[in-house]
Amino acid sequence: TPPNAIYSGENARADTERLLASGDFESASTTTSDGVSGTIVTYTVKERPILDKLEFTGNSSIKEKDLLEKLQVKIGEPLSLEKLENSVEEIRKYYAEKGYGMADVTYEIDDTIDGTKASVNILVSEGEESYIREVNISGNTLISTTKIKFLIGTKARFWFMFGTYQEDQVRDDMWKITEMYQEIGYPEAQIDYDLHATEKGDGLALDITIDEGRPYYVNDITVRQGKLRDMYLTNIISMIEVHRDEPYTPQAVERDTENLRNYFRSLGYADAICASKVLLAEEQPDDSVRVDIFYEMDESSLFDIGIVYITGNERTKDVVIRRELSFFPGDRYNYYRIDTSRQRLMNMDYFEKVDIVEAPNPQDHSKKDIYVDVKEKLTGQVGVGVGFSSKDYLFGTITITQPNFDWK
């Protein structure tokens, strides 16, 4: 909110949000009063104390200099509680990676009298070195224990490999097992785990308990759309992965939803939306569950390709990029051609990243402008060679290669 501008409460709130986002202030607020020639806006802020001192207590197995590398807070800068808590979490993860999965890390803040400076003491309770020595799985009858152990990331300690306990990895493993059961038609599967010391006391045991639940099967499948007929409608039916009386899997329905949306987008309906709904069938058997699946399309309008912009290229000429595109201004919008073009550009091996996004054409609402943004690789190569001959004696060669160089 600059001087002499029209006062806006929304702009004032945005100002306070930016002040808080800077991390330098604990609080920020605004008040207004009437002035001689307009509104006076007063900003009231409370600065965060400056971090004056930082120390570690309780760390013996890991050196302090290694822990300092995990910190996001620095001496001499305003103390951010968010950065401090993130730092503590990073230290905890680091201890887990080093085999101290049960380590506890906390912190204490000591403010000085005037409130302008603060000292932080990070408290570490390392506990015993605790690698995972056992991974035990029970309750599974449909998926073998060997397959589950192979697919999850948490492994039992083997010589000097594996066995590091990481809470995030264990949680991710529980979700992987859940997805395994969903993929075979058991979406009710419940996966629990318990972590405890082994009977030998030489580390940790991870016990995974599985309740497989009941199988789900597909009953009726309904597709609701209003614009496609004949061959196009037949194509829709052939693209659906789930079939009546087969196991129901949430992942297959998600793939069907995305494939149907992309199919409509390949026909020019760039803003097409596809939603899926799964409901329990009216008649249910005793030993399983049957569900009805509905796919609902909102096709929206047809679009053509508008202007095609190329951005991000510094060494590669526009024409080199455009000749790899499968779409041109004036063409009917086609999702598959756009996706194929992105892959063709990546296959050139000139670019580290290729993003193709669309935007409404401001002059013609029936067209979509396409922005092709590339991030170029460092493709230049330098070769150095040394040789010896009876005529020239010792000689050297230098070769410079730039694949996307254009002498023009």
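Each remark here, short or long, concerns the structure printed above.
Our subject in this report is the structure included herewith.

Cut-offs and rules
- Residues numbered from 1 in each chain as written.
- Predicted model: local features only at pLDDT ≥ 70, side-chain atom pairs only at ≥ 80, totals over all residues.
- Heavy atoms only, no water.
- Helix = DSSP H or I, 4+ residues; strand = E, 2+ residues; numbered from the N terminus.
- Buried < 20%, exposed > 50% of the residue type's maximum accessible area, 1.4 Å probe, protein only.
- Contact = heavy atoms within 4.5 Å.
- Areas by Shrake-Rupley, 256 points an atom, 1.4 Å probe, with all protein chains shown as cover.
- Expected span 1.5 Å × (residues − 1).
- Arc of directions from axis to C-beta.
- Polar contact = N/O pair within 3.5 Å; in protein donor to acceptor, adjacent residues only side chain to side chain.
- Phe/Tyr/Trp six-rings, centres within 6.5 Å; stacked < 30°, edge-to-face > 60°.
- Lys NZ or Arg CZ within 6 Å of the ring centre and 35° of its normal.
- Patch = residues over 30% accessible without salt bridge, like charges linked within 9 Å, V, L, I, M, F, W, Y side chains within 5 Å.
- Salt bridge = Lys/Arg side-chain N within 4 Å of Asp/Glu carboxyl O.
- Pairing = 2+ DSSP bridges.
- Axes fitted to C-alpha atoms, helices over the stretch in contact; angles between N-to-C directions.

1. Details of the overall build of the protein
Link 1 in the chain: Of the regular secondary structure elements, the protein holds nine helices and 16 strands.
Link 2 in the chain: In terms of overall dimensions, the protein has a C-alpha envelope of 95 × 80 × 70 Å along the principal axes.
Link 3 in the chain: Considering the protein as a whole, with its 408 residues, one finds that 35% of them fall into the buried category.
Link 4 in the chain: Once local pairs closer than 6 in sequence are excluded, the contacts in the protein between residues at least 24 apart make up 56%.
Link 5 in the chain: When the accessible surface of the protein is totalled, it reaches about 25,200 Å², and 49% of it is carbon and sulfur.

2. Observations regarding helix α9 (residues 335–347)
Link 1 in the chain: Between its terminal C-alpha atoms α9 stretches 19 Å, which fits the 18 Å expected from 13 residues at 1.5 Å a residue.
Link 2 in the chain: Here α9 has its buried residues at Ile 338, Ser 341 and Leu 345. Buried positions in α9, seen along its axis, are confined to an arc of 60 degrees and lie on one side of it.
Link 3 in the chain: Structurally, α9 contributes buried residues whose contacts are with α8 (318–322), β13 (351–360) and β14 (367–376).
Link 4 in the chain: A distance of 2.9 Å separates the backbone nitrogen of Tyr 336 from a side-chain oxygen at the start of α9, and that oxygen is part of Asn 334.
Link 5 in the chain: Where α9 terminates, the next one or two residues include Asp 349, which has phi positive at roughly 65 degrees.

3. Things to note about the packing of aromatic side chains
Any aromatic ring pair is given by two values, namely how distant the centres are and how the planes are angled relative to each other.
Link 1 in the chain: Going through the model one piece at a time under the given rule, you end up with six aromatic pairs.
Link 2 in the chain: Seen in terms of ring centroids, Tyr 216 and Tyr 248 are 6.3 Å apart; in terms of plane orientation they differ by 40 degrees. Their pairing is tilted. In this pair, Tyr 216 sits in strand β9 (residues 216–224) while Tyr 248 sits in the loop between α6 (230–239) and α7 (250–266), placing the two residues 32 residues apart along the sequence.
Link 3 in the chain: One aromatic cluster in this structure is built from Tyr 263, Phe 264 and Tyr 269.
Link 4 in the chain: The lysine or arginine in question, Arg 157, covers the ring of Tyr 131, its NZ or CZ lying 3.8 Å from the ring centre.
Link 5 in the chain: The ring centre of Phe 303 lies 4.8 Å from the NZ or CZ of Lys 368, which sits over that ring.

4. Brief notes about a nonpolar patch on the surface
Link 1 in the chain: Together, Phe 158, Trp 159, Phe 160, Met 161 and Phe 162 make up an exposed nonpolar region whose accessible area comes to about 640 Å².
Link 2 in the chain: When you line up the elements, Met 161 lands in the loop between α4 (145–151) and α5 (167–183).

5. Some points on the sheet that holds strand β10 (residues 273–280)
Link 1 in the chain: Spatially, three strands are ordered β9-β11-β10 in an open sheet, and the strand pairing comes out mixed. A single partner strand is all that each edge strand has here, and the edge strands are β9 and β10. Taking the axes of each pair of neighbouring strands and ignoring which way they run, one obtains an average angle of 20 degrees across the sheet.
Link 2 in the chain: Pairing between β9 and strand β11 (residues 289–298): seven bridges, direction parallel. The residue bridging Arg 224 from the neighbouring strand is Glu 296, located in β11.
Link 3 in the chain: The sheet contacts of α7 involve β10 and β11, and relative to β11 the element is tilted by about 20 degrees.

6. A closer look at helix α3 (residues 81–97)
Link 1 in the chain: A rise of 1.5 Å per residue sets the reference length of α3, with its 17 residues, at 24 Å; its end C-alpha atoms lie 24 Å apart and thus fit the reference within 8%.
Link 2 in the chain: Along α3, the positions that sit buried rather than exposed are Leu 84, Ser 87, Val 88, Ile 91, Arg 92, Tyr 94, Tyr 95 and Ala 96.
Link 3 in the chain: Buried residues along α3 sit against β3 (50–57), α2 (64–68), β4 (104–111), β5 (117–125) and α5.

7. Here we look at the pairing of β11
As a general feature of sheets, a regular strand has side chains that alternate between the two faces.
Link 1 in the chain: Summarising burial for β11: eight of the 10 residues are buried, a large majority.
Link 2 in the chain: In this sheet, β11 lies alongside β10 in antiparallel orientation, the contact comprising eight bridges. Note that in β11 the partner of Leu 279 across the bridge is Asp 292.

8. Notes on the environment of Ile 6
Link 1 in the chain: In this fold, Ile 6 is placed in the segment before α1 (9–21).
Link 2 in the chain: For the pair Ile 6 and Glu 26, spaced 20 residues apart in the sequence, the C-alpha separation amounts to 28 Å.

9. Quick word on the pattern of salt bridges
Link 1 in the chain: One pass over the structure, following the stated rule, counts 20 salt bridges.
Link 2 in the chain: Ionic pairing is found between Lys 368 and Asp 271, a salt bridge with its closest N-O pair at 3.0 Å. Separated by 97 residues along the polypeptide, Lys 368 in strand β14 and Asp 271 in the loop between α7 and β10 bring together distant segments of the chain.
Link 3 in the chain: A residue is classified by how much of its surface remains accessible, and Lys 368, at 6% relative accessible area, is buried.
Link 4 in the chain: The partly exposed category is assigned to Asp 271, whose relative accessible area is 32%.

10. Observations concerning the sheet that holds β4
Link 1 in the chain: Reading across the sheet, the three strands line up as β3-β5-β4 and stay open at both edges, with mixed pairing between neighbours. Edge positions in the open sheet fall to β3 and β4, since each of these has one partner strand only. Between one strand axis and the next, the sheet turns by 20 degrees as a mean value, whatever way the strands run.
Link 2 in the chain: Summarising the sheet, β3 and β5 pair through seven bridges and their orientation is parallel.

11. Focus on the side chain of Glu 299
Link 1 in the chain: Residue position: Glu 299 is located in the loop between β11 and β12 (304–311).
Link 2 in the chain: Engagement of the side chain of Glu 299 in a polar contact is seen with the backbone nitrogen of Gly 226, the distance being 2.9 Å.
Link 3 in the chain: The contacts of Glu 299, once residues within four sequence positions are left out, are Gln 225, Gly 226, Lys 227, Phe 264, Tyr 269, Asp 271 and Ala 272.

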